[in-house]
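Residue-level listing of the chains:
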Amino acid sequence: MPSQSKDLYLPRPAEIREVIEENSQIKTFALSFIDREYQDRFSYAPGQFLMVSVPHCGEAPISVSSTPVSGGAIHLSVRRAGRLTAAMHGMRKGDVVGLRGPYGRPFPMAELAGRDLLFVAGGIGLAPLRSVINTCLAAGHGRRITILYGSRTPSDIAFKADLTSWGETANVSCLLTVDRAEPGWQGEVGLVTALLAQCRLEPDDAKALLCGPPMMIRAVLAELAERGFADEDIITTMERHMKCGVGICRHCHMDDKLVCRDGPVFTLQELKQLKVMELLG
Amino acid sequence: MKDKYLLKKDHLLPLLRKLKKTYRLIAPVRNTHGDTLFTAIDRLDEVRIDLDKQPQNSLKQFFFPQQEVLFTYDNPAGDSYHFQPVVEESPPSLYFGVRPCDLSAVLYMDVVFLKDAKDPSYLQKRQNSILVGLNCNDPFASCFCNVTRSGPFIDFGFDLQLTDLGDRFLVEFDRSRGQEIITSWQQFFAPAGEADVKAQYQSFLEARGKFSLQVHLDQAVRKLALGEVPESVWEELSMRCQDCGGCAYICPTCTCFTIHDLQTSDHAGERLRSWDACTFSGFTRMAGGHNPVDRQMRGIEKRFRHKLQFDVKKDNRPSCVGCGRCVNICFGGTDIVRFINMTCCENS
Ligand SMILES: Cc1cc2nc3c(=O)[nH]c(=O)nc-3n(C[C@H](O)[C@H](O)[C@H](O)COP(=O)(O)OP(=O)(O)OC[C@H]3O[C@@H](n4cnc5c(N)ncnc54)[C@H](O)[C@@H]3O)c2cc1C
Ligand code: SF4
Ligand code: SF4
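*Asks:* What should I look at first to understand unusual backbone geometry in this one?
*Replies:* Excluding glycine, residues mostly have negative phi values, and the peptide bonds linking residues are mostly trans. Omega for the peptide link from Gly101(A) to Pro102(A) comes to 0 degrees, which places this bond in the cis form. Tracing the backbone through its elements, the reader meets Pro102(A) in strand β6 (residues 96–103). The linkage connecting Gly151(B) with the following residue, Pro152(B), adopts the cis geometry, with an omega of 5 degrees. Residue position: Pro152(B) is located in the loop between α5 (145–148) and β9 (160–164).

And the structure:
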């Protein structure tokens with residue numbers, strides 16, 4: 001939905017319909033535009049993000065974590081990281097934020113259809129992938145889906161309802177791991193790369209989508225290369241300080257690319273053309 | 001000569017007086033401190049238009065102000081939050097005496113602000129602008145537009161372009177709006193003859209020979225493209241940079257900005273955008289303090305790569321227009337000329 005020139009930077013008020021506490025650091029906000037007609041026309045694709053305004057706090061880019069359904073609520077899953085995100089965590093049902101977007105290049109959904117899919121996420125990184133996974137499932141994706149999710153501790157596991165429902169889906173296997181166990185945790189302890197070792201993968205016919213902290217990305221990339229994944233079949237999202245979201249302010253540069261416009265979704269093949277800190281270590 | 005006119009120097013002020021009735025007039029003005037700055041002129045008789053010195057500022061601030069309000073907002077309660085666009089129509093403005101470097105810089109800003117997403121404030125100001133250029137017969141000490149290929153003469157991008165021929169200006173136009181001015185104020189213009197055009201060419205040849213700085217731009221561009229700039233260059237320059245942002249602020253083609261809120265009362269505020277500089281350490285810092293750019297070693301890298309590598313790759317020309325302003329302003333000794341020449345002298 002390209003913005004009209006005259007309101008390029010102008011957010012639209014959106015009401016918080018529901019607040020879901022994912023863990024102590026992450027809340028998912030279900031939002032809809034107050035302008036009903038705009039809400040009905042609004043569309044986006046998995047991987048895109050919105051610029052969220054909170055009074056006196058400016059704006060922050062947040063990925064859409066929901067599945068695009070006409071007129072449906074827009075989910076933003078927000079990790080408390082600083083001023084704006086903390087203020088948002090203090091907001092309740094009925095409160096209003098500003099939204100503009102959607103921006104950015106989405107995941108290549110058409111290329112995912114008909115392939116085995118491997119999703120690897122750490123922490124808040126599951127937010128954009130949740131949008132992809134649920135969109136694929138809603139479209140009746142019949143091939144195997146493997147979801148590997150790493151959290152710091154068992155109480156840090158976010159999106160529990162989704163993880164449970166994915167776990168119950170026939171063609172989906174969903175594996176969790178934590179860095180540090182807590183009393184009562186029976187599951188895996190260790191890096192997501194350890195989970196990867198347990199998976200049956202056919203790299204020639206699969207796509208891998210990764211999203212998480214740079215450390216995790218680096219480790220997983222090394223493992224996937226070892227397993228024979230081609231660079232163009234590995235897709236990830238990049239995070240950079242961002243201000244305008246529309247390719248003008250230049251904060252989110254990565255060499256000659258801008259994350260807001262050329263990303264945030266990139267294939268490893270594309271990233272290897274650039275000097276990217278996440279890959280260099 | 002078709003489409004080329006003469007304007008007697010005696011006719012310049014009378015012409016500007018007429019034009020000022022229709023346009024807000026912006027021209028290089030020498031102020032009481034002896035500084036020459038592009039200034040919006042209130043009373044033409046009370047100022048001294050200075051076409052001899054290079055203005056210290058460029059036109060950047062007129063199209064892209066150092067700070068501007070994008071919109072205002074109010075939130076009388078948690079469940080309401082409104083945004084009001086700011087309708088600030090900029091008056092039709094005529095920019096007079098714009099040198100080729102600064103004109104090229106405006107054309108570059110057009111790409112930044114209008115190519116993909118169209119920045120509404122810039123668009124409005126630009127649509128309402130007339131650019132009257134002035135070719136440079138006498139490049140200044142820090143100028144190197146000859147190697148950035150944005151001067152000392154230019155033959156496109158202006159509405160009207162003047163070349164100083166002693167007691168008269170040769171006048172050319174590149175846009176219909178320029179032609180309209182000539183048609184509307186015919187009494188000031190006479191058709192130019194072949195000799196005038198020859199004189200213009202002679203001035204151009206002479207101007208080309210007058211540059212005093214040696215700047216090995218093409219060599220630096222090539223080295224950047226091939227990844228042959230020694231690490232020690234980035235390191236040395238980044239360590240010297242004092243993080244003041246002066247080069248970016250003064251530069252006619254540095255356009256990075258930041259956006260932030262200014263609370264004006266309990267329940268209202270303004271969303272502002274202000275000039276920013278990629279050399280600032282906060283430019284790329286993310287929540288939690290994580291910074292994808294090693295500021296100590298590479299803080300200065302983006303500014304030079306952007307202008308001399310990424311823009312060359314994209315548009316086939318550097319986005320440094322060789323105006324020399326950063327050369328004069330940088331007290332850390334990390335200006336673009338220093339970088340270019342270090343790159344070429346250092347063995348890699
Ligand atoms: C494309 C994209 C998608 C994102 N998706 C999500 C998401 O789904 N969920 C989530 O919780 N977080 C997401 N983030 C990160 C989120 O934008 C930052 O955590 C947030 O901007 C921090 O703002 P703050 O005011 O709370 O923090 P502060 O540290 O107080 O931020 C100060 C300023 O720095 C800038 N800034 C700081 N960190 C970042 C950052 N990481 N990215 C961009 N700008 C930053 C902001 O402009 C902000 O105004 C995403 C970032 C990008 C670039
Ligand atoms: S850089 Fe070129 S165009 Fe600009 S003032 Fe110097 S000589 Fe004139
Ligand atoms: S980098 Fe320096 S010389 Fe080049 S345009 Fe900017 S201020 Fe002028």
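Alright, that's what it looks like, and here's the rest.
*Asks:* Got a minute to help me understand the packing of aromatic side chains in this structure?
*Replies:* Aromatic ring pairs: the centre-centre distance and the angle between the two ring planes describe each pair. This structure, assessed with the given rule, holds 23 aromatic pairs over all chains. In textbook terms, an aromatic cluster arises when at least three aromatic residues are bridged by ring pairs, as seen for Tyr9(A), Phe62(B), Phe63(B), Phe64(B), Tyr95(B), Phe113(B), Tyr122(B), Tyr249(B), Phe257(B), Trp275(B) and Phe280(B). The ring centre of Tyr38(A) lies 3.8 Å from the NZ or CZ of Arg12(A), which sits over that ring. Of note, Lys9(B) hangs over the ring of Phe169(B), and the distance from its end group to the ring centre comes to 5.3 Å.

*Asks:* I tried to follow the site of ligand 2 on my own but got confused; where do I start?
*Replies:* Around ligand 2, the surrounding shell consists of Gln54(B), Arg99(B), Pro100(B), Cys101(B), Cys136(B), Pro139(B), Phe140(B), Cys143(B), Cys145(B), Gly322(B) and Cys323(B). When its residues are assigned to classes, the shell around ligand 2 shows eight nonpolar, two polar and one charged.

*Asks:* I would appreciate a short explanation of the sheet that holds strand β13 (residues 268–275) of chain B in the present structure.
*Replies:* In a beta sheet, neighbouring strands are held together by backbone hydrogen bonds and run either parallel or antiparallel to one another. Residues and elements named next belong to chain B. Pairing within the open sheet is antiparallel, and its four strands lie in the order β6-β5-β13-β12. The open sheet has two edge strands with one neighbour each: β6 (80–85) and β12 (257–265). Within the sheet, the average angular offset between the axes of one strand and its neighbour, ignoring direction, is 25 degrees. Sheet topology note: the strand β5 (residues 67–77)/β6 ladder contains five bridges and is antiparallel. Note on β6: the bridge partner recorded for Asp-74 is His-82.

*Asks:* Is there a simple way to think about the pattern of salt bridges in this case?
*Replies:* Charged atoms that come close allow side chains of opposite charge to pair. For the structure shown, the criterion picks out 41 salt bridges over all chains. For Lys207(A), the salt bridge goes to Asp233(A), with nearest N and O atoms at 3.0 Å. Taken together, the residues Lys207(A) in strand β11 (residues 206–211) and Asp233(A) in the loop between α7 (214–226) and β12 (234–237) connect sequence positions 26 residues apart. The pair formed by Lys207(A) and Asp233(A) is uniform in burial state, with each residue classed as buried. Its salt-bridge partner being Asp315(B), residue Lys314(B) comes within 3.6 Å of it at the nearest N-O pair. Taking relative accessible area as the criterion, Asp315(B) reaches 30% and is therefore assigned partly exposed. Where salt bridges share partners, they join Asp116(A), Arg143(A), Arg144(A), Arg200(A), Glu202(A) and Asp205(A) into one cluster.

*Asks:* Is there a simple way to explain the site of ligand 3 in this structure?
*Replies:* Ligand 3 sits among Phe144(B), Cys251(B), Pro252(B), Arg303(B), Lys307(B), Cys320(B), Val321(B), Gly322(B), Cys323(B), Gly324(B), Cys326(B) and Ile336(B). When its residues are assigned to classes, the shell around ligand 3 shows eight nonpolar, two polar and two charged.

*Asks:* Sorry, what's going on with the environment of Val171(B) here?
*Replies:* Residue and element names in this part refer to chain B. Here Val-171 shows up in strand β10 (residues 168–173). Overall, Val-171 belongs to the buried group, its relative accessible area being 0%. Considered as a pair, Val-171 and Leu-44 are 127 residues apart in the sequence and their alpha carbons are 22 Å apart. Ignoring anything within four residues of it in the chain, the contact list for Val-171 reads Asp-3, Lys-4, Tyr-5, Leu-7, Leu-160, Gln-161, Leu-162, Ile-182 and Phe-189.

*Asks:* Any chance you could explain the sheet that holds strand β2 (residues 26–33) of chain A here in plain terms?
*Replies:* All names here are of chain A. If you trace the six strands from one edge of the open sheet to the other, you get β4-β3-β6-β1-β2-β5, paired in antiparallel fashion. The two strands at the open ends of the sheet, each matched to only one other strand, are β4 (58–63) and β5 (74–79). Each strand of the sheet is rotated relative to its neighbour by a mean of 40 degrees, with strand direction disregarded. By the bridge criterion, seven bridges tie strand β1 (residues 12–21) to β2 in an arrangement that is antiparallel. For Ala-14, the partnering residue across the bridge sits in β2 and is Phe-33.

*Asks:* Can you help me understand the domain arrangement of chain B in this one?
*Replies:* When the parts of a complex come together, some accessible area is lost, and that lost area is often taken as the interface size. Residues and elements named next belong to chain B. Here the domain parsing of chain B yields domain 1 (4–57 + 91–208) and domain 2 (217–345). Contacts between the two partners involve 23 residues from domain 1, matched on the other side by 23 residues from domain 2. Taken over both partners, the interface formed by domain 1 and domain 2 buries close to 1900 Å², and the fraction arising from carbon and sulfur atoms is 53%. Counting every contact that joins domain 1 to domain 2 gives three salt bridges. The salt bridge involving Arg-273 is made with Asp-119; its shortest N-O contact spans 2.8 Å.

*Asks:* I'm lost on the pairing of strand β3 (residues 49–54) of chain A in this one. Help?
*Replies:* If a strand is regular, its side chains alternate between the two faces of the sheet. All names here are of chain A. When you tally the buried positions in β3, you get six out of six residues, the bulk of the element. Across the two faces of β3 the burial is the same, with Phe-49, Met-51 and Ser-53 and Leu-50, Val-52 and Val-54 all buried. Bridge analysis of β3 against β4 gives six bridges, and the strand direction is antiparallel. Across the sheet, the residue bridging to Val-52 is Ala-60, located in β4. Between β3 and β4, which pair antiparallel and follow one another directly, the connecting turn spans three residues, one of which, His-56, has a positive phi of 70 degrees.

*Asks:* I'm lost on the domain arrangement of chain A in this one. Help?
*Replies:* All names here are of chain A. Domain parsing of chain A yields domain 1 (12–103) and domain 2 (109–237). Of note, the centres of domain 1 and domain 2, computed from C-alpha atoms alone, are 24 Å apart. Each partner contributes to the interface: domain 1 provides 15 residues, whereas domain 2 provides 16 residues. The contact between domain 1 and domain 2 buries some 1200 Å² in all, and 57% of this surface belongs to carbon and sulfur atoms. At the boundary of domain 1 and domain 2, one finds zero salt bridges. Counting only elements with at least two residues in the side of domain 1 that touches domain 2, the list comes to β2 and β5.

Cut-offs applied
Residue indices begin from 1 for each chain and proceed along its sequence in written order. Ligands are numbered from 1 and chains lettered from A, in the order in which they are written. Given that the model is predicted, a residue must reach a pLDDT of at least 70 before its local features are reported, and side-chain atom pairs must reach 80 or more before they are shown or counted; all residues, however, enter totals for whole chains, interfaces and linings. Just so you know, side-chain values use all the structure's heavy atoms and leave hydrogens and water out. Numbered from the N terminus, helices here are DSSP runs of H or I no shorter than four residues, and strands are runs of E no shorter than two. Geometry of aromatic contacts follows a simple scheme: Phe, Tyr and Trp rings, the Trp one being its six-membered ring, pair when their centres are within 6.5 Å, and the pair is stacked under 30 degrees between planes, edge-to-face over 60, tilted otherwise. Note on geometry: a ring has a charge over it if NZ (lysine) or CZ (arginine) is within 6 Å of the ring centre and within 35 degrees of the ring normal. Being near a molecule or strand, for a residue, means having at least one of its heavy atoms within 4 Å of it. Side-chain classes follow a simple rule in which Ala, Val, Leu, Ile, Met, Phe, Trp, Tyr, Cys and Pro form the nonpolar group, Asp, Glu, Lys and Arg form the charged group, and the remainder, Gly included, forms the polar group. When DSSP finds at least two bridges between two strands, those strands are taken to pair. In this analysis an axis means a line fitted to C-alpha atoms, helices contributing only their contacting stretch, and an angle means the value between N-to-C directions, from 0 to 180 degrees. Salt bridges are identified by distance alone: a Lys or Arg side-chain nitrogen within 4 Å of an Asp or Glu carboxyl oxygen. Each residue is assigned to one of three classes by its accessible area relative to the maximum for its type, calculated with a 1.4 Å probe on protein chains only: buried under 20%, partly exposed between the two thresholds, exposed over 50%. Every residue pair with non-hydrogen atoms within 4.5 Å of one another is taken to be in contact. Per the annotation, domain bounds derive from an automatic or database assignment of domains. Summed over both partners, the accessible area lost on bringing two parts together, with a 1.4 Å probe, is the buried area.

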